[in-house]
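Chain residues, written in single-letter form:
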Amino acid sequence: MFKKILTSLRFLGFSQSLLTLLSTLKRDFTAWRYRTPKNKEPKQKPGPLRSTSITSHGRAFEFTHASLEIHFLKPDLVCLTWGPGKKSPAYAVTDQGWPEVPVESQQTAQGGYALSSEELRIIISSYGEITFLDLEGKTIRTELPPRKIGPSWEHDAVLTEEQRLHGLGEKASPLNLRDANPEGKKATFEIRNQDIGGHYESGDDPLYLNVPLYISRMGDKGYLVFYENPFRGTFTFDHPTQETPKARASFQGGMLRYYFTFGSLPHLIQRYTELTGRPPLPPAWSLGYHQSRWGYKTTDDIQDVLKGFEEHDLPLSAIHLDIDYMRGYRIFTVDQERYPDLSDLADQLHEQEIHLVTIIDPGVKKDSEYFLYQEGIKGNYFCTLPNGKPVTAQVWPGWCAFPDFSHQETRAWWGSQYKKLLQKGVDGFWHDMNEPAAFTAWGEPTLPLPTQYRLEGLGGDHLQVNNLYGLLMNKAGCEGLTEHQPEKRPWLLSRSGWAGNQRYAWNWTGDVNTSWETLRQTLTIMLNLGLSGIPYTGSDIGGFGGHPSPELFTRWFQLAAFTPFFRGHSATGTPRREPWVYGEPYTSIIRKFLKLRYQLLPYLYTLAWKSHQTGHPLMRPLFWSYGDDPTMADVTDQYLLGEDLLVVPIMEENQTAKQVSLPPGEWISYWDDTAHQGPQKIKLDISLERIPLFVRAGCVLPTAADGTLHCHLYLPTDTSTEPVKSVLYQDAGDGYGPRRLDQFYLERSRRGIHLTWEEMGKYPFPHQTLSLHLHTPDHFSGAKIDGVEVEMEENKLQTEPFRDAMFMFQK
Ligand code: GLC
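Being a predicted model, the structure only gives us computed values, none of them experimental. (Residues numbered from 1 in each chain as written. Predicted model: local features only at pLDDT ≥ 70, side-chain atom pairs only at ≥ 80, totals over all residues. Heavy atoms only, no water.)

**Describing the overall build of the protein chain**
So, step 1. A tally of regular secondary structure across the protein chain gives 13 helices and 46 strands.
So, step 2. Taking 28 Å as the expected radius of gyration for a compact globule of 811 residues, we find that the protein chain reaches 27 Å, a close match to that expectation.
So, step 3. The principal-axis extents of the C-alpha atoms in the protein chain amount to approximately 85 × 75 × 50 Å.
So, step 4. Here the protein chain holds 811 residues, and 63% of them are scored as buried.
So, step 5. Residue pairs at least 24 apart in sequence account for 69% of intrachain contacts in the protein chain once pairs closer than 6 positions are excluded.
So, step 6. When the accessible surface of the protein chain is totalled, it reaches about 30,700 Å², and 50% of it is carbon and sulfur.
So, step 7. Across the protein chain, the 82 positively charged side chains and the 97 negatively charged ones have centroids separated by 7 Å. (Helix = DSSP H or I, 4+ residues; strand = E, 2+ residues; numbered from the N terminus. Rg over C-alpha atoms; globule rule 2.2 N^0.38 Å. Buried < 20%, exposed > 50% of the residue type's maximum accessible area, 1.4 Å probe, protein only. Contact = heavy atoms within 4.5 Å. Areas by Shrake-Rupley, 256 points an atom, 1.4 Å probe, with all protein chains shown as cover. Lys, Arg positive; Asp, Glu negative; His and termini not counted. Charge placed at Lys NZ, Arg CZ, Asp CG, Glu CD.)

**Thoughts on the site of the ligand**
So, step 1. With respect to spatial proximity, the complete set of residues near the ligand consists of Trp 294, Asp 322, Ile 323, Ile 359, Trp 396, Trp 430, Asp 432, Arg 495, Trp 508, Asp 511, Phe 544 and His 569.
So, step 2. Considering the ligand on its own, with 300 Å² of exposed area, one finds that the protein chains cover 97% of that surface.
So, step 3. Residues that form the shell around the ligand fall into these classes: seven nonpolar, one polar and four charged. (Near = heavy atom within 4 Å. Nonpolar A, V, L, I, M, F, W, Y, C, P; charged D, E, K, R; others polar.)

**Here we look at the nonpolar core**
So, step 1. Within the largest apolar cluster, 171 residues are counted, with the highest numbers of intra-cluster contacts made by Phe 226, Ile 319, Ile 360, Trp 414, Phe 562 and Leu 641.
So, step 2. Residues contacting Phe 562, with those up to four places away along its chain left out, are Phe 593, Leu 596, Arg 597, Leu 600, Met 619, Tyr 639, Leu 641, Val 647, Ile 691 and Leu 693. (Core = buried A, V, L, I, M, F, W, Y, C linked by side-chain atoms within 4.5 Å.)

**Quick word on the packing of aromatic side chains**
So, step 1. Considering all chains together, one arrives at 59 aromatic pairs under this definition.
So, step 2. Their ring planes at 70° and their centres at 5.2 Å tell us that Tyr 214 and Phe 237 sit as a pair that is edge-to-face. Linking Tyr 214 in strand E14 (residues 210-218) with Phe 237 in strand E16 (residues 233-237), this pair joins segments that are 23 residues apart in sequence.
So, step 3. Exposure remark for Phe 237: the relative accessible area of 0% places this residue in the buried category.
So, step 4. For the ring pair Tyr 227 and Phe 235, a centre distance of 5.6 Å and an interplane angle of 70° mean the geometry is edge-to-face. (Phe/Tyr/Trp six-rings, centres within 6.5 Å; stacked < 30°, edge-to-face > 60°.)

**Side note on the sheet that holds strand E42 (residues 769-775)**
So, step 1. The strand order across the open sheet formed by four strands is E37-E38-E42-E45, and the pairing between neighbours is mixed. Two strands close off the open sheet at either side, each with one partner strand: strand E37 (699-705) and strand E45 (796-799). This sheet shows a mean twist of 20° between the axes of neighbouring strands, independent of strand direction.
So, step 2. Across the sheet, helix H12 (residues 601-614) is in contact with E37 and strand E38 (708-714); its angle to E37 comes to roughly 120°. (Pairing = 2+ DSSP bridges. Axes fitted to C-alpha atoms, helices over the stretch in contact; angles between N-to-C directions.)

**Notes on the environment of Asp 742**
So, step 1. Examined against the element boundaries, Asp 742 turns out to sit in strand E40 (residues 739-748).
So, step 2. Asp 742 sits in the buried class, given a relative accessible area of 0%.
So, step 3. Sequence-wise, Asp 742 and Tyr 729 are 13 residues apart; in three dimensions their C-alpha atoms are separated by 6.5 Å.
So, step 4. A polar side-chain atom of Asp 742 sits 3.0 Å from a polar atom in the side chain of Gln 730. (Polar contact = N/O pair within 3.5 Å; in protein donor to acceptor, adjacent residues only side chain to side chain.)

**Focus: the domain arrangement of the protein chain**
So, step 1. Each assigned domain of the protein chain is listed here: domain 1 (49-276), domain 2 (286-610), domain 3 (621-645 + 654-692) and domain 4 (699-809).
So, step 2. Distance between the C-alpha centres of domain 1 and domain 2: 32 Å.
So, step 3. If you look at the interface, domain 1 gives 50 residues, while domain 2 gives 52 residues.
So, step 4. Both faces combined, the contact of domain 1 with domain 2 buries some 4,100 Å², and carbon together with sulfur accounts for 56% of it.
So, step 5. Summed over the shared surface of domain 1 and domain 2, the number is three salt bridges. (Domains from an automatic or database assignment. Buried area = accessible area lost by both parts, 1.4 Å probe. Salt bridge = Lys/Arg side-chain N within 4 Å of Asp/Glu carboxyl O.)

**Here we look at the layout of surface pockets**
To find the voids left in a structure, one rolls a probe of water-molecule size over its atoms.
So, step 1. Taken as a whole, the largest pocket holds about 1,300 Å³ of empty space.
So, step 2. Lining the largest pocket are 36 residues, and of these Ser 317, Glu 353, Tyr 598, Leu 601 and Ala 704 sit closest to its centre.
So, step 3. When we break the lining of the largest pocket down by domain, the ones giving at least three residues each are domain 2 (286-610) and domain 4 (699-809).
So, step 4. Looking at the second largest pocket, its volume works out to about 690 Å³.
So, step 5. Lining the second largest pocket are 24 residues; nearest its centre among them are Thr 36, Gln 252, Leu 449, Asp 461 and Leu 463.
So, step 6. Residue assignment for the lining of the second largest pocket shows that the elements contributing at least two residues are strand E27 (460-461) and helix H7 (462-465).
So, step 7. The residue inventory of the lining of the second largest pocket, partitioned by class, reads nine nonpolar, ten polar and five charged. (1 Å grid on protein atoms, 1.4 Å probe; cavity = no way out; pocket = protein on both sides within 12 Å on 5 of 7 lines; lining within 4 Å. Points joined across faces, edges and corners; volume = space filled by probe spheres on them.)

**Thoughts on the sheet that holds strand E22 (residues 364-365)**
So, step 1. Read across the open sheet, the three strands follow the order E22-E24-E23; overall the sheet is antiparallel. Both edges of this open sheet fall to E22 and strand E23 (392-395), since each of them pairs with a single strand only.
So, step 2. Two elements, E23 and strand E24 (residues 398-401), share four bridges in a ladder whose sense is antiparallel. The partner of Thr 392 across the bridge, within E24, is Ala 401.

**Observations concerning the state of the cysteines**
So, step 1. Counted under the stated rule, the structure contains zero disulfides.
So, step 2. Free cysteine Cys 383: the closest other cysteine sulfur is in Cys 400, separated by 12 Å.
So, step 3. Cys 383 sits in the buried class, given a relative accessible area of 1%.
So, step 4. There is no disulfide at Cys 699, and the cysteine sulfur nearest it, in Cys 711, is 11 Å away.
So, step 5. The exposure class of Cys 699 is buried, given its relative accessible area of 0%. (Disulfide = S-S within 2.5 Å.)

**Examining the packing of helix H3 (residues 299-311) against helix H4 (residues 342-351)**
So, step 1. Here H3 crosses H4 at 10°, and the two axes come no closer than 11 Å. As summarised for this structure, H3 and H4 are arranged roughly parallel, according to the angle between their axes. Across the interface between the two elements, Thr 299, Ile 302, Gln 303 and Leu 306 from H3 touch Leu 345, Gln 348 and Leu 349 from H4.
So, step 2. Looking at the contact of H3 with H4, its residues break down into four nonpolar, three polar and no charged. (Parallel < 35°, antiparallel > 145°, perpendicular 65-115°, else oblique.)

**Regarding the packing of helix H9 (residues 516-530) against helix H10 (residues 550-560)**
So, step 1. At a minimum axis distance of 10 Å, the contact between H9 and H10 shows a crossing angle of 10°. Comparing their axes, H10 and H9 come out roughly parallel. Residues Trp 516, Thr 518, Leu 519, Thr 522, Leu 523 and Met 526 of H9 form the contact with H10, whose own contacting residues are Glu 551, Leu 552, Arg 555, Trp 556 and Leu 559.
So, step 2. Class assignment of the residues belonging to the contact of H9 with H10 gives a composition of seven nonpolar, two polar and two charged.

**Details of the pattern of salt bridges**
Pairs can form between side chains of opposite charge once their charged atoms are near each other.
So, step 1. Considering all chains together, one arrives at 39 salt bridges under this definition.
So, step 2. With a closest N to O distance of 3.9 Å, Arg 192 and Glu 444 form a salt bridge. Of the two residues, Arg 192 sits in the loop between strand E13 (187-191) and E14 while Glu 444 sits in the loop between strand E25 (428-431) and strand E26 (452-453), which places them 252 residues apart along the sequence.
So, step 3. Residue Arg 192 is classed as buried on the basis of its relative accessible area of 9%.
So, step 4. Residue Asp 731 pairs with Arg 489 through a salt bridge whose shortest N-O separation is 2.9 Å. One end of the pair, Asp 731, is in strand E39 (residues 724-731); the other, Arg 489, is in the loop between helix H8 (469-484) and strand E28 (492-494), with 242 residues separating them in the sequence.
So, step 5. Assessed through its relative accessible area of 10%, Asp 731 is described here as buried.
So, step 6. A single salt-bridge network, built from bridges that share partners, covers Lys 43, Arg 147, Glu 154, Asp 156 and Arg 248.

**Considering the pairing of strand E11 (residues 152-158)**
So, step 1. Most of E11 is tucked away: six of the seven residues are buried.
So, step 2. One ladder, built from three bridges, connects strand E10 (residues 147-149) with E11; its direction is antiparallel. Bridge pairing in E11 links Ile 149 to Ser 152.
So, step 3. Where E10 folds back on E11, the antiparallel hairpin that results is connected by two residues, among which Gly 150 adopts a positive phi of roughly 60°.

Set out below in structure tokens:
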């Protein structure tokens, strides 16, 4: 409470803090006025099975107190729905028109049923216990009969000691969610999107973006369960030391519908994103560096920042305008005094290949003179109280009404508003405060629970829609951008979201505190988001509201250079934090990492393309690829960026040595080509200039600089005979025009090293020159490109595109 008051005074000032107090009282009064009687119903199990029938994709069951439908979407992907319960529109799940899956169904000797597909067997007991088995008869998961308590469901699954759990979205916890309570007790997490209020630390829960799915993992295999229930919920995971440990999911309403799939981690995310949608390919510029700050108040401020980037020789891809660009924080307006000519600013930025992103909050200022408010009232687009009046609450502009994004007409109306800013040259939008946030002095910082939503005609309250609000605002924005600029890829950044958010927007981890501890926590949050189907994430470099030491800022920057979303951002009132403000040696170190990021863009863009194909995150824990090696099971302070880069951020103050866990295979230092054989732990000396960075031997790492594509050939030293394949995806960087895929096959023989290049697609080779660089201790007597001898200099050569390159070993 004290923390909340201080944050409120700091960011809102005295008079708005008073209004916040008033808004909170109003919220409490609303909650009291429309209170519903407390549920006193006892817990109810499904009871005995009464009847069952075959359905097109599985089987339906009628128990005495509940119904169950089992629906196979794939032989290894199944949807289970326990009823009764209130329906929600299928916002997360994309309609796949799943083809019929052959399912055999048999009665068991105990009076239950067994359903089998080609890959999975499910046994449903006559009392509603469910066991999932593989075809060898090994149990993958056992569920106890669920319990209904009034409108809520509670669902337990048995856990073994070894199972590690991940997921649930943005969780400031250890990567293994079961470790969240180190004292051997239950780890409890809420699924309730909320603005954590200015800053958060490890252990704070819930945060802005929750996803009701978890992955249970043993070694490199496991299962994923996604509860398609938007109601607020709670997940409780028993610590392995507890007797008969369980995982419990409970929701405050709705049907108990969930999807189950199993296999390796990449397979789980692939299936989950087949169900909930893949992230679209982003515009290439979004993978560069973004500069932001709450406090760039005028065009002049932006001009100064641009000058700073130029003077310090720092590349930049986007500038973000926080709330100060608007007229009194009125959404879809521009303050004419502070930003008299936004189009002109956008033009200037575009000339330098810098993009403009503006913040959009959902709260619409209650102002009868303001067009958006007038339109919202006229069109009935706002969320209401049960008496039909728009709900109002305090946010930055003061009293605001909130669009009901669960209504198609509201989404279309909202989506059409972006046009004005697009016409002024804005390239992307930053959706903030969309949990939705409301300033409150105590209690939940959101709209009152009796708030009414259309929910596509089904009708619902805030308990049901709170978690969907951000997702649906992103849907509205994304659809609007697609409609008004069909030739461009929409780019949205969002603080909140839910399952399926990857289809619409990127995410950043919000108002994280400034500390070494939160730097470490940030890495875990990002890895866990990837395991929740959200691949594009990043953090405010240095934390949101504090003043990082030069060392902390530099270390945070070094990590951020290897995260999908790479943005410097800080709160108003904090000391400035552009990449040069700390002076030397920090600026030079930061410049080096910034430039390295730009060099790596061909690799990152290819990862983005792969993610679009598979849903796979760009940042992955080591056990993603090497889960069968027990030494990789709990490594969470380093990660893989794609398959080929191993990133070891330094996240301790004054660290002079670091123990690095190398996964199986050979790993070559990016900095000096030293090769190390994994799996092993190695101790490295650490300086501020670098973080350990390794490349997987057996890949072609593409980088680009000054019009040249550099293909770095990293070779394993053993004489493996199988050629290894690497791919490079390229296109115009935006839009939906032609594309190309370059496939490189790298092979070592007794005579030398052989590289074959296969080109596919219509997009012309976009680089002026091409350079090949061999990273290997071998010495070469010469090289041939398509059979013609060429000069090599220190394991490097320049060439035109080719089909076949041969590097001959010195005898
Ligand atoms: C929220 C956002 C933060 C932004 C601020 C002002 O706190 O999380 O990034 O700067 O609002 O818009």
